[in-house]
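Listed here are the chains, written in short residue letters.
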Amino acid sequence: MRLTALDTSVYRFPTPEPEADGTLEWSATTAVLVQARAGEITGLGWTYSTGAAAAVIDEHLEPAVIGRDSNDLDDCHESMRRASRNLGTRGVVMHAISAVDIALWDLKARSHDLPVVALLGAVRDRVPIYGSGGFTTMTDEQLHQQVEDWRALGCRNVKIKIGEDWGTRIEHDLSRVARLRRFAGADARLMVDANGAYSRGRARRVGRALDELGVVWFEEPVSSDDVEGLAGLRQALDCDITAGEYVADVFEAERLAPALDCLQLDATRCGGYTGFLRAAAVAAVHNLDVSAHCAPALHTSIGAAVVNLRHIEYFADHARLEPLLVEGILPVRDGTVIPNRTAGHGYTLHPEAARWLA
Ligand SMILES: [Mg+2]
């Protein structure tokens, strides 16, 4: 079938109250959604980005794929990447390519009446998740409730944000981790994300304290641009050093992987499922697991199909908004999600999603 249109729409979901991590504050999440059309069939994809990603799709990506065979996913991917050369192929442009790629995987799977996970090829029946939130803006009561909510879903892996005020409140950060231990229990696997807030020295000192607290995951202790800093921390600390949420392609995956214990990948930023598969192969060459960043609904199918996947992130903001954007969200049970077995990835635009149009 020949592709005939990529239709875009932009949705904005306000957070219940302003939220923050160590290095950024936000009060809404923007989803850029694309519907790829071929014959009578429509595929759905989206990314969490900015409205500019929709303009990239409309002006640059749609002309690059119209008329191409909707089964030829790598051909479409490469055509979009080549058409974006002068814009730069990373950042917002790759968010846009990612949304289209996911829509094309959905379209291809639907056109063959297969689930996306069957098209990819499953390696596991259930995809493990971890609870993620713990924003620096939350009260102790809110964090306690969030941990209880995750526990009710069977999540024993839980992650909070640290590095408050660009890493300048170390004692405060560590006291919050100690509270997380109390809330989550002795058997929980604690994870923290500093979003690049610390300097190398601060990250090393915080990391030693985290090792004492039994934390197993220290995400972006320093900026993910500081590959040498990450590599040094990996040598110095027991906890796993992780990063990768901004990776756009195999070249960036290859640059980061040697400095990490686990490579994070986001299908809505690294080129959709096509890009995720390629970057996961890069991680495999370095004997690394990958962990999916954010967008839990979109990582269920790909998470079931990647051999070296550790888990996917059940990120609070996205877990809240995805059921408002689409129908077909799968339930979490025993800390896992069972991938959809109907055609495509199983999601359709929610009939009331229009109320969130930007
Ligand atoms: Mg992160």
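Residues numbered from 1 in each chain as written. Predicted model: local features only at pLDDT ≥ 70, side-chain atom pairs only at ≥ 80, totals over all residues.

Asker: Can you break down the overall build of the protein residue by residue, with the values?
Answerer: Along the protein, the regular secondary structure elements total 13 helices and 15 strands. By the compact-globule yardstick of 21 Å for 358 residues, the protein fits well, its C-alpha radius of gyration being 20 Å. Burial statistics for the protein: of 358 residues in total, 53% are counted as buried. Considering only residue pairs separated by 6 or more positions, the protein has 68% of its internal contacts joining residues 24 or more positions apart. (Helix = DSSP H or I, 4+ residues; strand = E, 2+ residues; numbered from the N terminus. Rg over C-alpha atoms; globule rule 2.2 N^0.38 Å. Buried ≥ 20, exposed ≤ 12 C-beta atoms within 10 Å, placed from the backbone. Contact = placed C-beta atoms within 7 Å.)

Asker: So what about the domain arrangement of the protein? Which residues, and what values?
Answerer: For the protein, the assigned domains are domain 1 (3–113 + 352–356) and domain 2 (118–349). Once you take the C-alpha centre of each, domain 1 and domain 2 turn out to be 22 Å apart. Facing 38 residues of domain 1, the contacting portion of domain 2 comprises 38 residues. When residues of the side of domain 1 that touches domain 2 are traced back to their parent elements, those giving at least two are β1 (3–20), β2 (25–38), β3 (41–48), α2 (73–83) and α3 (92–111). In terms of residues, the side of domain 1 that touches domain 2 owes the most to one element, α3, which gives 12 residues. Split into classes, the residues belonging to the side of domain 1 that touches domain 2 amount to 17 nonpolar, 12 polar and nine charged. (Domains from an automatic or database assignment. Nonpolar A, V, L, I, M, F, W, Y, C, P; charged D, E, K, R; others polar.)

Asker: Explain the packing of α2 against α3 to me, using residue names and the numbers behind them.
Answerer: In the contact formed by α2 and α3, the axes pass within 10 Å of each other and the chain directions differ by 160 degrees. As far as their axial angle goes, α3 and α2 are roughly antiparallel. For the crossing formed where α2 meets α3, the hand is right-handed. Between α2 and α3, the contacting residues are Leu 73, Cys 76, His 77, Met 80 and Arg 81 on the first element and Ile 97, Val 100, Asp 101, Leu 104, Trp 105 and Lys 108 on the second. Considering only residue class, the contact of α2 with α3 consists of seven nonpolar, one polar and three charged. (Axes fitted to C-alpha atoms, helices over the stretch in contact; angles between N-to-C directions. Parallel < 35°, antiparallel > 145°, perpendicular 65-115°, else oblique. Left-handed = near helix turned anticlockwise from the far one by under 90°.)

Asker: Before we move on, can you summarise unusual backbone geometry with the specific residues and values?
Answerer: Positioned with a positive phi, Asn 195 is a non-glycine residue whose angle comes to about 50 degrees. Inspection of the secondary structure puts Asn 195 in the loop between β6 (189–193) and α8 (200–212). Since 22 C-beta atoms lie within 10 Å of it, Asn 195 is described here as buried. For Asp 334, which is not glycine, the phi dihedral falls at a positive 55 degrees. Assessed through the 12 C-beta atoms surrounding it within 10 Å, Asp 334 is described here as exposed.

Asker: Talk me through the pairing of β2; I want residue IDs and the actual numbers.
Answerer: The sheet contact formed by β1 and β2 spans 13 bridges and is antiparallel. The residue of β2 that forms the bridge with Ser 9 is Leu 33. Joining the antiparallel neighbours β1 and β2 is a turn of four residues. Of the pairings in the sheet, the one linking β2 to β3 comprises eight bridges and is antiparallel in character. Along β3, the bridge assignment pairs Ala 38 with Ile 41. Taking the residues that link successive antiparallel strands as the turn, the β2-β3 hairpin has two residues, and the phi of Gly 39 there is positive, at about 55 degrees. (Pairing = 2+ DSSP bridges.)

Asker: I'd like a description of the sheet that holds β2, backed by residues and values.
Answerer: Here three strands make up an open sheet; going across it, the order is β1-β2-β3 and the pairing antiparallel. Whereas interior strands pair on both sides, the edge strands pair on one side only; in this sheet they are β1 and β3. Between one strand axis and the next, the sheet turns through 20 degrees on average, direction left out of account. Packing against the sheet, helix α1 (residues 52–65) makes contact with β1, β2 and β3, and its axis sits at approximately 160 degrees to β1.

Asker: Give a description of the packing of α1 against α3 that names residues and reports values.
Answerer: Where α1 contacts α3, the two axes come as close as 9 Å, and the packing angle between them is 70 degrees. Between α1 and α3, the interaxial angle falls into the category roughly perpendicular. Between α1 and α3, the residues in contact are Ala 52, Ala 53, Val 56, Ile 57 and Leu 61 and Val 92, Val 93, His 95, Ala 96, Ile 97, Ala 99 and Val 100, respectively. Classifying every residue of the contact of α1 with α3 by side-chain character gives 11 nonpolar, one polar and no charged.

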